[in-house]
Amino acid sequence: MLHSRLGLAALLTLSCTGMAHADALSIGFEDYSLGTLTGANPGYAGPDGRLPGQADGARRWYSPSNAATFGEVATRASRTGVNGLALIRNPPLGGLDGVINGVQTPRLLQAAGETAAPVSAPNSRLRYSYWFRTGPTAYAPALQGYRFGSEAWSTDRTTWHRFIEESGQLNFYSVGMVNVSPDYFPATDTLIASNLTWGAWYRVETTVTFVNGGDDNDIVVTRLYDASNTLVGTGVDTTWETGQRIVGFNGGNVVAPDSIAFQARALGGDAFQSFAGDVAYVDDITVESLPPVDTALTIVDSCDNDNTIEVTINLTSTNQPVAGGQFFLAYDATKLAYAGGTPSASFPTEILDVSAAGTIDYACGIGFGGTPVNSAATFATLTFTKLANVCASQGLTLVNFRPRPSPLPPTRLS
């Protein structure tokens, strides 16, 4: 079948604030000693006295003594190599569930957050990943209420993800906040994946993009992979910026996270509240703080008199490696019908393809283990069926990039 092409070109430019540069932390626990994080592996159990940049080699974890969870480096918790991290409910069981602090990774030297004052973070994107599985006895039919969560952390949480038991199933959620009173939570949490396998390994990958100003305009993209690194679920959510700006969490100060926290807090009345033992195992943690990235986008027009139109989304140039992109488009639904998108060989993992009459939300990336792109390339091809004749002069009105659909940020690359 003959078709014509419209090209959507994405020009990536880098804008940095101050001495901004990428900062990364990788923890596999192989050089850790067996035992608790505050015992064999020096850390802090009282007030958090750590400084930024006390990273993996210094083993400066924070494991507060009054938290509901503590961490222990153990061979039973390993996914690869010899050691992993066991997360264990902290006695007195059920007596510490009101404490929101959890076991926190070492702090990055460069935090990520809003780059504008008063936060003035050096970087605007936080990406973290870890492998997780439930403890071997953390769930039984008589033990309802299993909960294990992770959070991007500074002096307060910025993101919140949780694995929870619901009617016997293990489900995974992202929990954001929006500026809608009275409780400032969405009507439902964002379900990433459901009916997961108890005792199986899963990898959580989260990218947080902080947007200056506003209170619910940050974006949290979460992906869940199974033990073979096959994508099993994805979702888009917001941070807890609304809680900090509007509700007054952290004294009303917006925070720039530089670490990840793990916790297993129970709800009152759940059988899980009195559970004693390994709640979860975590291994192969990575935390990255990344510089801000801006995008400029243009549309390359052409004439068409055929049955279909293919719209290509292109990366025309870049001055840093690109792992993927998210694109928000509008099209003339009186002249075109959207048939679907196809990711390119450079960005082969399709993350999102959602359309309604006249709008498309599309995202793709390199996928786990993929190689970031350092030169011009195509992100994806979007195919439309013609409902009416179109020609060159109509190209810019047929398909274009649309403004940010609140609370999401604009079209951007990562």
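Residues numbered from 1 in each chain as written. Predicted model: local features only at pLDDT ≥ 70, side-chain atom pairs only at ≥ 80, totals over all residues. Heavy atoms only, no water.

## A look at the side chain of N83
And then number 1: Residue position: N83 is located in the loop between β6 (69-74) and β7 (84-89).
And then number 2: There is a polar contact of 3.0 Å between the side chain of N83 and the backbone oxygen of F29.
And then number 3: Sequence-distant contacts of N83, that is, excluding residues within four places in its chain, are made with G28, F29, E30, Y32, L34, V73, A74, T75, S78 and D283. (Helix = DSSP H or I, 4+ residues; strand = E, 2+ residues; numbered from the N terminus. Polar contact = N/O pair within 3.5 Å; in protein donor to acceptor, adjacent residues only side chain to side chain. Contact = heavy atoms within 4.5 Å.)

## Topic: the nonpolar core
And then number 1: Residues W61, L126, Y146, F148, F163, L224 and I285 are the most contacted members of the largest nonpolar core, which totals 44 residues.
And then number 2: Among the elements that line this core, the one with the most residues is strand β18 (residues 278-290), at five residues.
And then number 3: Those residues in contact with I285, other than ones at most four positions away along the chain, are L25, S26, I27, F29, W61, T105, S129, Y130 and F262.
And then number 4: Counting 25 residues, the second-largest nonpolar core is a separate cluster that includes I309, A377, V399 and F401. (Core = buried A, V, L, I, M, F, W, Y, C linked by side-chain atoms within 4.5 Å. Buried < 20%, exposed > 50% of the residue type's maximum accessible area, 1.4 Å probe, protein only.)

## Observations concerning the side chain of E151
And then number 1: Following the sequence through the fold, E151 ends up in strand β10 (residues 147-153).
And then number 2: Engagement of the side chain of E151 in a polar contact is seen with the side chain of R157, the distance being 2.8 Å.

## Overview of the confidence of the model for the chain
And then number 1: Summarising the model, the chain shows a mean pLDDT of 82, and 82% of its residues fall at 70 or more.
And then number 2: Under a pLDDT of 50 for its full length, residues 1-20 has, in the predicted model, 85 contacts with residues more than four places off or in other chains.
And then number 3: The low-confidence segment residues 392-396 (pLDDT under 50) makes nine contacts with residues lying over four places distant or belonging to another chain. (pLDDT = per-residue confidence, 0-100.)

## Things to note about the pattern of salt bridges
For side chains of opposite charge, pairing can occur when their charged atoms come near one another.
And then number 1: Counting across every chain of the model gives 13 salt bridges.
And then number 2: A salt bridge links R107 to D258; the shortest N-O distance between them is 2.8 Å. Remark: D258 occurs in the loop between α1 (241-247) and β17 (259-263) and R107 occurs in the loop between β8 (103-104) and β9 (125-134); sequence separation between them is 151 residues.
And then number 3: On the basis of relative accessible area, D258 is assigned to the buried category, the value being 5%.
And then number 4: Here K335 makes a salt bridge to D332, at a shortest N to O gap of 3.3 Å.
And then number 5: Among the charged side chains, a salt-bridge network with shared partners connects E72, R76 and D278. (Salt bridge = Lys/Arg side-chain N within 4 Å of Asp/Glu carboxyl O.)

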